[in-house]
Amino acid sequence: MTRTNPLLSPSALPHHLPPYPDLQDEDYREAILEGMAEQLRELDAVATDPSAPTVENVVEAWERSGQTLRRSMDAFWPVAAADTNARRDAIRAELAPLLAAHGDAIMLDRRLYDRLLALRARVDAGDMTLDEETAWLLHEAVRGYERGGIALDEAGQSRMRAINAELATLAAEFNERAVAGRNAAAVHVTDQDRLAGLDEADLEGARAAAEARGLDGWLVELVNTTGQPRLAVLADRSLREELHHASVGRGLEGEHDTRELVVRTARLRAEKAALLGHEHYAAYVASDGCAGSTEAVMQILTRVGPAAVRNARAEAEVLQERLQEIEPGAVLEPWDWAYVANLVRGERYSLDESLLRPYLELERVLHEGVFAAATALYGITFHEQPELVGYTADARVYEVREPDGAVLGAVVLDPWTRPGKQGGAWMTSLLDQSTLLGHRPVVTNTCNLSRPAPGRPTLMSWDEVITLFHEFGHDLHGLLSDVRYPSRSGTATPQDFVEFPSQVNEIWAWDPQLLARYAVHHETGEPMPAAWITTLLDARHFDQGYEMTESYAAMLLDQAWHQTPLDRLPSSVDEVEAFERAALEQAGMAFDLVPPRYRSTYFSHVFASGYAASYYSYMWSEVYDADTVAWFEANGGLSRETGERFRRELLARGGSLDVTEVYRRFRGQDPDVQHLLDRHGLD
């Protein structure tokens, strides 16, 4: 019998989960190719419909189109990002330019654009009235065509297609090299004495990582950021230096060199922006966000960034004094910062990072922290479904239910790092919520926690706890969506707004009552001492100069690559590091002790993901976040009343309306940036 590709028809599994155990890698490729062809046929019918345009035959028909493509891509991307292999990398590379061409075939189709204009003309003439969601969708659809180059002449459109195809190929290649480069940069250690400072769980994890690669000893694997978590506890200064250089040196040479991809990508984006009539690519991106302009972005970046550096320099003086006591004559270096800061934090607040980990066990944090906060706010509950299978053997599926027991959706959790997984943590959607299609949401939560040895618990750092709460904020944005159209569901908002709900969700990690529930010793069952919790809260702003400097430096690097005109961008790989340095110096952000959170050569957010010229969105979203936290604090904090209002008035709206207007309705005003400055002790 001929085998039928399971992705070519809707899944019959609970929650319409992709039938991952039955899928072969070729199924993704075949279904995506067929899905593109199918959607073009469906949209051709929309474009050639001779009847008068209506919501049903234009907007709804458009939103119903491409379901095979959407289903197949939503199934493939989590696997390709979190559990890739050589064949999946090849499929991703092959499909990248084809998907870009598919998007251009739609967005440069004058017939479809004219159909939208004709519908708008009927609305303007009073022939029909649209509800808010449909009116906003029509507005955004027309604007999308205008931003996409529909007004370009034939030569301009041809060049636009070529640029978009090449950019897609470059992004796929960057991601592949960045993942491989991170894996290759892991530091191999054969002398256990050099690992002094790691706890038993970390040692076991490092030994297991070495064994997995056929090595003796231990392997200290890297995370995607410049700063590496183990730098905070490793006592061996030479190993800290080795680990630091392994991190910052990624992508600068050898088979994993990404500099050519960085240069070519930046130059193509600058050309694209000019083709579309924008001063530079950053202006093109900002005009589609809440910020509205690069001037607005830079006003905050240049106000807060240098102030953060001043704080970091003051922090460095304290750390230098403490380092002298440890190693007389030593000069503070980037690889010393986290280690000495951890010592000073412990002395100043009687709190050491290593003391916290036994109290931060993954299962407890997840159920009594992350899930418990969502239940307290929104009344929803989480029920593991062991019979359901996610996109890897590590993944776990939880059904999410409303307070009355009705099924809301599902979340797939994938916690541990592995060689085929890209760095960082993220959320994706396996199924977008939509009342038009009758779909309940299914979201993923993907982290990179160190895998413990068999039979051992997963103990987390405090930063990892915050990250889990953060990513679950994205999950909640998807789960609590209540919109009609799938293209506007959940996190389908402007890039500089999408981080806002996730950042708000971080505050519940600090809630004292919640902390008392989830911060429990994994062996003794004893809660974290109350004095420690008080100290943890008191110390939350410690080292803020460092944390803000590394983040804002990365934001400025992103802007530099995308605000620089084409004729002033690097044209050679040899210019990349000098360009970075000059950009940071010009912005007052060059501080050698605090390198950017990402250097260009492993800045996957910008060169392989959707954050090109918009990494600033973490800052912009934090303006909304800090303002919302002030609202929560003034209105009862962690409660069903506050949660219900935040859910119904903000999270539920997704991108179905203008998010700035949605926020004004929720808050009664625009966000006040002073709350952000107060949070970080800046003026």
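Our subject is the structure listed above.
Residues numbered from 1 in each chain as written. Predicted model: local features only at pLDDT ≥ 70, side-chain atom pairs only at ≥ 80, totals over all residues. Heavy atoms only, no water.

Observations regarding the overall build of the chain
Part 1: Across its full length, the chain holds 27 helices and seven strands.
Part 2: The globule rule puts the C-alpha radius of gyration for 683 residues at 26 Å, and the 25 Å found for the chain is close to it.
Part 3: Seen along its three principal axes, the alpha-carbon backbone of the chain occupies a region of about 80 × 60 × 60 Å.
Part 4: Taking all 683 residues of the chain together, the buried fraction comes to 59%.
Part 5: When contacts within the chain are restricted to residue pairs at least 6 apart in sequence, those whose partners lie at least 24 apart make up 75%.
Part 6: Surface exposure of the chain reaches about 26,900 Å², of which carbon and sulfur atoms provide 49%.
Part 7: Each charge sign in the chain was given a centre, from 64 positive and 109 negative side chains, and these centres are 3 Å apart. (Helix = DSSP H or I, 4+ residues; strand = E, 2+ residues; numbered from the N terminus. Rg over C-alpha atoms; globule rule 2.2 N^0.38 Å. Buried < 20%, exposed > 50% of the residue type's maximum accessible area, 1.4 Å probe, protein only. Contact = heavy atoms within 4.5 Å. Areas by Shrake-Rupley, 256 points an atom, 1.4 Å probe, with all protein chains shown as cover. Lys, Arg positive; Asp, Glu negative; His and termini not counted. Charge placed at Lys NZ, Arg CZ, Asp CG, Glu CD.)

A short note on helix H4 (residues 86-107)
Part 1: The terminal C-alpha atoms of H4 lie 32 Å apart, and with 22 residues this matches the ideal 32 Å at 1.5 Å per residue to within 8%.
Part 2: Most pronounced at Leu95, the bend in H4 amounts to some 30°, and the proline Pro97 follows within four residues.
Part 3: Burial in H4 covers these residues: Arg88, Asp89, Ile91, Arg92, Leu95, Ala96, Leu99, Ala100, His102, Asp104 and Ile106.
Part 4: Structurally, H4 contributes buried residues whose contacts are with helix H1 (25-48), helix H2 (55-64), helix H3 (67-82), helix H5 (110-124), helix H6 (132-148) and helix H7 (154-184).
Part 5: Where H4 begins, one side-chain oxygen reaches toward the backbone nitrogen of Arg87, 3.1 Å away; that side chain belongs to Asn85. (Expected span 1.5 Å × (residues − 1). Bend = angle between axes of the 7 residues up to and from the residue. Polar contact = N/O pair within 3.5 Å; in protein donor to acceptor, adjacent residues only side chain to side chain.)

Topic: the nonpolar core
Part 1: If you look at the biggest cluster of nonpolar residues, it comprises 135 residues, and the most contacted ones within it are Trp337, Leu360, Trp462, Phe469 and Tyr518.
Part 2: Beyond its immediate chain neighbours, meaning those up to four positions away, Trp337 contacts Ala312, Glu315, Ala316, Leu319, Leu332, Asp543, Tyr546, Phe591, Leu593 and Val594.
Part 3: Listed in part, the 29 residues of the second largest apolar core include Leu17, Tyr20, Met73 and Val412. (Core = buried A, V, L, I, M, F, W, Y, C linked by side-chain atoms within 4.5 Å.)

Remarks on the sheet that holds strand E5 (residues 407-416)
Part 1: Strand order in the open sheet formed by five strands is E3-E4-E5-E7-E6, with mixed pairing between adjacent strands. Across the chains shown, the open sheet's two edge strands, defined by having one partner strand only, are strand E3 (381-384) and strand E6 (429-431). Direction aside, the axes of adjacent strands within the sheet are offset by 25° on average.
Part 2: The sheet contact formed by strand E4 (residues 396-401) and E5 spans six bridges and is antiparallel. Bridging from a neighbouring strand, Arg401 pairs with Val407 of E5. (Pairing = 2+ DSSP bridges. Axes fitted to C-alpha atoms, helices over the stretch in contact; angles between N-to-C directions.)

Quick look at the pairing of E4
Part 1: Most of E4 is tucked away: five of the six residues are buried.
Part 2: Note that E3 and E4 share four bridges and pair antiparallel. Residue pairing in the sheet places Thr381 in a bridge with Arg401 of E4.
Part 3: Counted between consecutive antiparallel strands, the loop separating E4 from E5 contains five residues, among which Gly405 sits at a positive phi close to 95°.

A few points about the pattern of salt bridges
Pairing between side chains of opposite charge can happen when the charged atoms of each approach one another.
Part 1: Evaluated as defined, the whole model comprises 55 salt bridges.
Part 2: Two residues, Arg647 and Glu402, come together in a salt bridge whose shortest N-O distance is 2.7 Å. With Arg647 in helix H25 (residues 640-649) and Glu402 in the loop between E4 and E5, this pair connects stretches of sequence that are 245 residues apart. Pair check on accessibility: Arg647 and Glu402 agree, each one buried.
Part 3: Where salt bridges share partners, they join Asp25, Asp83, Arg88, Asp394, Asp414, Arg418, Lys421 and Arg451 into one cluster. (Salt bridge = Lys/Arg side-chain N within 4 Å of Asp/Glu carboxyl O.)

Focus on the environment of Gln563
Part 1: Note on placement: Gln563 falls in helix H21 (residues 544-563).
Part 2: Assessed through its relative accessible area of 24%, Gln563 is described here as partly exposed.
Part 3: Considered as a pair, Gln563 and Leu436 are 127 residues apart in the sequence and their alpha carbons are 40 Å apart.
Part 4: Ignoring sequence-local partners within four residues, the contact set of Gln563 consists of His280, Ala282, Thr294 and Met298.

As for unusual backbone geometry
Part 1: Positive phi is not limited to glycine here, since His15 has a value of about 65°.
Part 2: By the element assignment, His15 lies in the segment before H1.
Part 3: Given the relative accessible area of 13%, His15 is considered buried.
Part 4: The phi angle at Asp543 is positive, at roughly 70°, despite the residue not being glycine.
Part 5: Position of Asp543 relative to the elements: it lies in the loop between helix H20 (530-538) and H21.

Remarks on the pairing of E5
Part 1: Summarising burial for E5: nine of the 10 residues are buried, a large majority.
Part 2: As defined by bridge partners, E5 adjoins strand E7 (residues 442-449) across six bridges and the pair is classed as parallel. By the bridge assignment for E7, Leu413 is matched with Asn445.

Re the packing of H2 against H6
Part 1: At a minimum axis separation of 12 Å, H2 and H6 run at an interaxial angle of 70°. Considering the angle they form, H2 stands roughly perpendicular to H6. Contacts between H2 and H6 involve Val55, Val59, Trp62 and Glu63 from the former and Thr134, Leu137 and Tyr145 from the latter. (Parallel < 35°, antiparallel > 145°, perpendicular 65-115°, else oblique.)

Observations concerning helix H10 (residues 259-275)
Residues lying three or four places apart along an α-helix face the same way, a consequence of the helix completing one turn every 3.6 residues.
Part 1: The terminal C-alpha atoms of H10 lie 24 Å apart, and with 17 residues this matches the ideal 24 Å at 1.5 Å per residue to within 8%.
Part 2: Residues Arg259, Leu261, Val262, Val263, Thr265, Ala266, Leu268, Arg269, Ala270, Lys272 and Ala273 constitute the buried set of H10.
Part 3: Structurally, H10 contributes buried residues whose contacts are with H7, helix H11 (281-286), H21, helix H22 (576-586) and helix H23 (604-607).
Part 4: Directly after H10, the chain includes Gly277, whose backbone phi takes a positive value near 85°.

Here we look at the packing of H3 against H4
Part 1: One can describe the packing of H3 onto H4 by two numbers: an axis separation of 11 Å at closest approach and a directional angle of 140°. Judged by the angle between their axes, H3 and H4 are oblique. Like other packed secondary-structure pairs, H3 and H4 cross with a definite hand, here left-handed. Contacts from Leu69, Met73, Phe76, Trp77, Val79, Ala80 and Ala81 of H3 reach H4 at Arg88, Ile91, Arg92, Leu99 and His102.
Part 2: When its residues are assigned to classes, the contact of H3 with H4 shows nine nonpolar, one polar and two charged. (Left-handed = near helix turned anticlockwise from the far one by under 90°. Nonpolar A, V, L, I, M, F, W, Y, C, P; charged D, E, K, R; others polar.)

Some thoughts on the packing of aromatic side chains
Part 1: Evaluation of the coordinates by the stated rule reveals 37 aromatic pairs.
Part 2: Three or more aromatic residues joined by ring pairs make a cluster, and in this case those are Phe497, Phe500, Trp508, Tyr624, Trp631, Phe632, Phe646, Tyr663 and Phe666.
Part 3: Sitting over the face of the ring of Tyr339, Arg240 holds its NZ or CZ atom 4.3 Å from the ring centroid.
Part 4: Seen from the ring of Trp510, Arg540 lies directly overhead, with NZ or CZ sitting 4.3 Å from the centre. (Phe/Tyr/Trp six-rings, centres within 6.5 Å; stacked < 30°, edge-to-face > 60°. Lys NZ or Arg CZ within 6 Å of the ring centre and 35° of its normal.)

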